[in-house]
Structure formats: structure tokens, C-alpha cells
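Letter by letter, the chains look like this.
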Amino acid sequence: MGKFALVAATCTVLIVTLSHAQQVDVSVGLSTVESSSPAIGGLNFQQPAEKGGSYINLSGDLVGFGHRRLGLSAETSFRSREANYAGYEKYRPILTDLNIFFQPRLSKKLGLDLMAGVGVASTRFNLPASCNLPGCINYTSSNHFMEDFGGGVRYYVWRHVFVRPEIRYYHIQNNAEFHSNNVVRIGASIGYTIGPE
């Protein structure tokens, strides 16, 4: 009964959010991540830094509260190619978050996208041995809760099409696979607005 109540409450919130949304934005972009590196010359194994590589970003938001400037956004960013983990294993990080979204207007074509929220940092490690059996999984995932905040500058280049240079900060809880719990993602997106801007 408790699970049903939770699902019903979540569906109600989503339906109310969708029905009041005045604007929907979708975007795709490219970025890279940075974090601190371990000290050089340590005797013991040190986890590598979670940095570098090209990330593909997919995001969407619903805006329609608080004079039509407040809303919700969801975003996922994943490394486009696998990286080497300490030289012996391949991995791919995936950062997915849900945010409270504030979108103040600075002029007709210029605005800010400010957000803060929570999500999951998932790192998919490919196992060295592969299997050819149906249903065989040749990877393992490490998932961690994270908090995030960030923003971007939105500029409408043509009608409903915008570009957005952006930055995000992620605090990944117990990120034991990497040297630091703190990761910064820097990039840019191109998007489209449906509804009034």
C-alpha cells in the first residue's frame, strides 16, 4: 500500500507540473569534466582523477511557475568514448540529475538558466573477459548519490533556437573509484524552445 501511495503521489505531481508548464526546452550539447588529480610519487595505488574526455549532454525542462520562470529540469551526460581506468580496465561515467530550474530573462534574446538538484553518478566498468552467451552482462556499474548546481547563459540565435555555454558542479557521495568527490563539467548546448520564450 505504501508503494502505491508513493507512485500515485509522484504521478500526481508530474501531471500537475505538465499541465501548468508554459514552456518546454530540449537541448543537446558537448562538454568535458575536470576534477583534482592525485599527488605524484605516492607509494600506494591512488585512484585516478575523473577528468577529460568528451561528454554528450541531453537535457529538457518544463518552465511555468513563479511568473513562468520557475520549473523542473532533467539532464544526463555521458562520456562519448570509454576511458582507461589505471591502464587495465575500460569505463564510462554517466551523470544524471533532476533539478529545480530558474530562468530569469535579461533581454529579449538573452537569459540565464540556473539550477540545483540531486541525481546519480553511475560508472560502468567493462569486465576484461567477454562472454558470448545470451543474457550475459560483461560490465558492472558503480552508482553514487550526488548533489549538483550550475548554470548557463542562454542566447536565442534564431526564433526558438538557442545556444547555451554552461557549467555544472557535482558533489558525488563516496566516489571511491576516483580521486575526488568533486567534479566540474564545462560545455555548451544547442536547444529548442516549445511555447512562449
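In this report, the structure presented in the accompanying data block is examined. Note that the structure is a prediction, hence the values are computed from the model and not measured. (Residues numbered from 1 in each chain as written. Predicted model: local features only at pLDDT ≥ 70, side-chain atom pairs only at ≥ 80, totals over all residues. Heavy atoms only, no water.)

Within the protein one finds one helix and nine strands. Order of helices (α) and strands (β) in the protein, N terminus to C terminus: α-β-β-β-β-β-β-β-β-β. Surface exposure of the protein reaches about 11200 Å², of which carbon and sulfur atoms provide 66%. (Helix = DSSP H or I, 4+ residues; strand = E, 2+ residues; numbered from the N terminus. Areas by Shrake-Rupley, 256 points an atom, 1.4 Å probe, with all protein chains shown as cover.)

Turning our attention to the pairing of strand β5 (residues 89-102). For a regular strand, side chains alternate in direction, first toward one face of the sheet and then toward the other. Only one face of β5 is covered, namely the one carrying E89, Y91, P93, L95, D97, N99 and F101; the face carrying K90, R92, I94, T96, L98, I100 and F102 has none of its residues buried. Pairing analysis gives nine bridges linking strand β3 (residues 70-79) to β5, with the strands arranged antiparallel. Across the sheet, E75 pairs through a bridge with D97, a residue of β5. With three bridges connecting them, strand β4 (residues 83-85) and β5 associate as antiparallel partners. Considered in β5, the bridge of Y85 is made with E89. Hairpin connection from β4 to β5: three residues lie between these consecutive antiparallel strands, with A86 at a positive phi of about 55°. The pairing of β5 with strand β6 (residues 110-126) spans 12 bridges and is antiparallel. (Buried < 20%, exposed > 50% of the residue type's maximum accessible area, 1.4 Å probe, protein only. Pairing = 2+ DSSP bridges.)

Before going further, it helps to spend a moment on the side chain of D97. Structurally, D97 is set in strand β5. One buried charged side chain, D97, makes no salt bridge at all; its nearest oppositely charged neighbour is R168, positioned 5.7 Å away. At 2.5 Å, the side chain of D97 forms a polar contact with the side chain of N99. Filtering out sequence-adjacent residues up to four positions away, D97 remains in contact with S73, A74, E75, V118, G119, M146, D148 and Y170. (Lys, Arg positive; Asp, Glu negative; His and termini not counted. Salt bridge = Lys/Arg side-chain N within 4 Å of Asp/Glu carboxyl O. Polar contact = N/O pair within 3.5 Å; in protein donor to acceptor, adjacent residues only side chain to side chain. Contact = heavy atoms within 4.5 Å.)

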